[in-house]
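Single-letter residue listing:
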Amino acid sequence: MSAHRNYINGAWVESAAAPIVDRNPSDVDDVVGTYAAGDAAQTRRAIEAARAAFPAWSRSSIQERADLLDAVGSRILARAQEIGRLLAREEGKTLKEAVGETMRAGHVFKFHAGQALRITGELEGRRLFGQTTPSELRDKFNMSVRMPIGVVGVITPWNFPIAIPAWKIAPALAYANCVVFKPASLVPGCAHAVAELLADCGCPPGVFNLVAGSGREVGDAIVNAPEVDAISFTGSVETGRALAARAVAGMKKIQLEMGGKNPLIVLDDADLDNAVECAVQGAFYSTGQRCTATSRVIVTPGIYGRFRQALLARTTALVVGDALDEKTQIGPAVDAAQLKTDLDYIAVGQKEGARLAVGGERPPASKNGFYIQPTVFEDVHNQMRIAREEIFGPVVSLLRAGDYEEALAVANDTPFGLSGGICTTSLRHADHFRRNAQVGLAMINAPTAGVDYHVPFGGVKGSSYGSREQGAYAVEFYTRVKTVYTNANIAG
């Protein structure tokens, strides 16, 4: 089987390195494909191509950029079933979720096609779009204009292999930047599909470049290159912090989305059915492999017994299996390493004194996949490792709180601050939570996981660093502001 190639300067490029073998985590005997693994030299070529393409692309018309992104979005939507099946095979997300993620990526491209036409404050050659203000100086006026950054390094994780690349690449191109894209090595197939669509839709050579490969080879080359002006990264806290230090040393603009330990508060007055559904969807869907997944459910005494019973029954009934099976609700972990992490944390929880209420083991499976049962711990306190460290699997902890005030304090007692939710029929408590939860995403009677593509995404504390992602707010990261003074008192 010949390896799919990297995409550099408008051409598909082979690599001499051993290829990436993309295997289906539902059945490791199923090889999804083989993909070229780039190295530092190949990454260097991609960076040089992006730098060379930037002057012309930065002066491209807003209509040209809008048309490109709209065409890519339309093709993603037209091929949502095909690409979604690819996504389910290489990442393990259920087919329904995979198709939904693919459609979201298409909508992201189309949204930013519109944003390319709506940008204000942009100075490009002979085209001037800006916001003017009076000057304190006579006969002068000021204009604040938005300029593209230059070359953007995009480094994405494996858990959303098409949506996260879309919400980074689309705004970068919409605002006239060039891109060097390094996807996670576990999911090269979806990255290749995006590159193929951009190429087929007429993206100019060098404007977008794909180099798959290891973080040590490809990622380091992107981070260290002086020609790269900005880096948008989603991944682990440890990698993000190390990357940030190096990026700042190189005077690069940096955007980080990292981990979460997301709480869901369930108060006595909550709608029981909705609270259970919020917990199950937030904790277990996508096999818990979401940075916004619910990992701590904090419950007050009046509803604890009923909620616990309903949650355990609902969890036990979840169908674990092959991601392509229509009956499956929970697919496999993405690979052997993630499965081991999940099982190791389950052992840690038991050693710390938490009680395993349901799950915690590998279920019988007809295929050779990385399956794990959805797991609920109880008798958990907030200083246990399973309540403080991100597991990134279908493992949730039940914690008790005496009242709302204690529940909020427990929810906020974490080094993370991405998403948090509350289930209550009390407008007073809902409003107080909205204002006082130390999170970037506050969910009221809704799962902690899931956010629209047209609103800002990001967290506080150890979860995020830099400007928010997604929606109209993406302009803050992918542009710089320049102030222009014009002296109107010159005749001519």
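Okay, the overall build of the protein next. For the protein, the helix and strand inventory stands at 15 helices and 22 strands. For the protein, the C-alpha radius of gyration of 24 Å lies close to 23 Å, the compact-globule estimate for 492 residues. Each principal axis of the C-alpha atoms in the protein carries an extent, and together these give about 80 × 60 × 40 Å. Classification of the 492 residues of the protein by burial places 57% in the buried group. Sequence separation of 24 or more characterises 73% of the internal contacts of the protein that already satisfy a separation of 6 or more. Counting 50 positive and 52 negative side-chain charges, the protein places the centres of these two groups 5 Å from one another.

Once that is clear, we can look at the layout of surface pockets. Which parts of space are left empty comes out when a probe the size of a water molecule is rolled across the atoms. In this structure, the second largest pocket occupies an estimated 160 Å³ of space. The wall of the second largest pocket is formed by H4, V32, Y35, R79, E82, I83, L86, R89, G189, H192, A193 and E196. Sorting the residues of the lining of the second largest pocket by element identifies β4 (27–35), α3 (80–91) and α6 (188–200) as the ones contributing at least two each. Along the lines of polarity and charge, the residues of the lining of the second largest pocket split into five nonpolar, three polar and four charged.

What follows covers empty space enclosed by the protein. Applying the stated criterion to the full structure yields four cavities of 30 Å³ or more. In this structure, the largest cavity encloses a volume near 100 Å³. Along the wall of the largest cavity there are 14 residues; nearest its centre are G288, A293, S295, I391 and F392. Partitioned by chemical class, the residues of the lining of the largest cavity number five nonpolar, six polar and three charged.

Counted according to the given criterion, the structure contains six aromatic pairs. With centroids separated by 4.7 Å and ring planes inclined at 50 degrees, the aromatic side chains of Y7 and W12 adopt a geometry described as tilted. Assessed through its relative accessible area of 5%, Y7 is described here as buried. Taken together, a centroid distance of 6.1 Å and an interplanar angle of 75 degrees make the contact between F111 and Y453 edge-to-face. One end of the pair, F111, is in helix α4 (residues 95–118); the other, Y453, is in the loop between β20 (441–444) and β21 (464–465), with 342 residues separating them in the sequence.

This paragraph deals with the confidence of the model for the protein. Parts of the model with low pLDDT should not have their predicted coordinates read in detail. Mean pLDDT for the protein: 94, with 96% of residues reaching 70 or above. Contacts from residues 121–129, a stretch scored under 50 in pLDDT, to residues over four places away or in other chains number 31 contacts.

This part is about the packing of α3 against α4. For the pair α3 and α4, the least separation of the axes is 8 Å and the interaxial angle reads 125 degrees. In terms of orientation, α3 lies oblique with respect to α4. Along this stretch, α3 crosses α4, giving a crossing that reads as right-handed. Two secondary-structure elements touch here, α3 through A80, Q81, I83, G84, R85, L87 and A88 and α4 through L95, A98, V99, E101, T102 and M103. Broken down by class, the residue content of the contact of α3 with α4 amounts to eight nonpolar, three polar and two charged.

Analysis parameters
- Residues numbered from 1 in each chain as written.
- Predicted model: local features only at pLDDT ≥ 70, side-chain atom pairs only at ≥ 80, totals over all residues.
- Heavy atoms only, no water.
- Helix = DSSP H or I, 4+ residues; strand = E, 2+ residues; numbered from the N terminus.
- Rg over C-alpha atoms; globule rule 2.2 N^0.38 Å.
- Buried < 20%, exposed > 50% of the residue type's maximum accessible area, 1.4 Å probe, protein only.
- Contact = heavy atoms within 4.5 Å.
- Lys, Arg positive; Asp, Glu negative; His and termini not counted.
- Charge placed at Lys NZ, Arg CZ, Asp CG, Glu CD.
- 1 Å grid on protein atoms, 1.4 Å probe; cavity = no way out; pocket = protein on both sides within 12 Å on 5 of 7 lines; lining within 4 Å.
- Points joined across faces, edges and corners; volume = space filled by probe spheres on them.
- Nonpolar A, V, L, I, M, F, W, Y, C, P; charged D, E, K, R; others polar.
- Phe/Tyr/Trp six-rings, centres within 6.5 Å; stacked < 30°, edge-to-face > 60°.
- pLDDT = per-residue confidence, 0-100.
- Axes fitted to C-alpha atoms, helices over the stretch in contact; angles between N-to-C directions.
- Parallel < 35°, antiparallel > 145°, perpendicular 65-115°, else oblique.
- Left-handed = near helix turned anticlockwise from the far one by under 90°.

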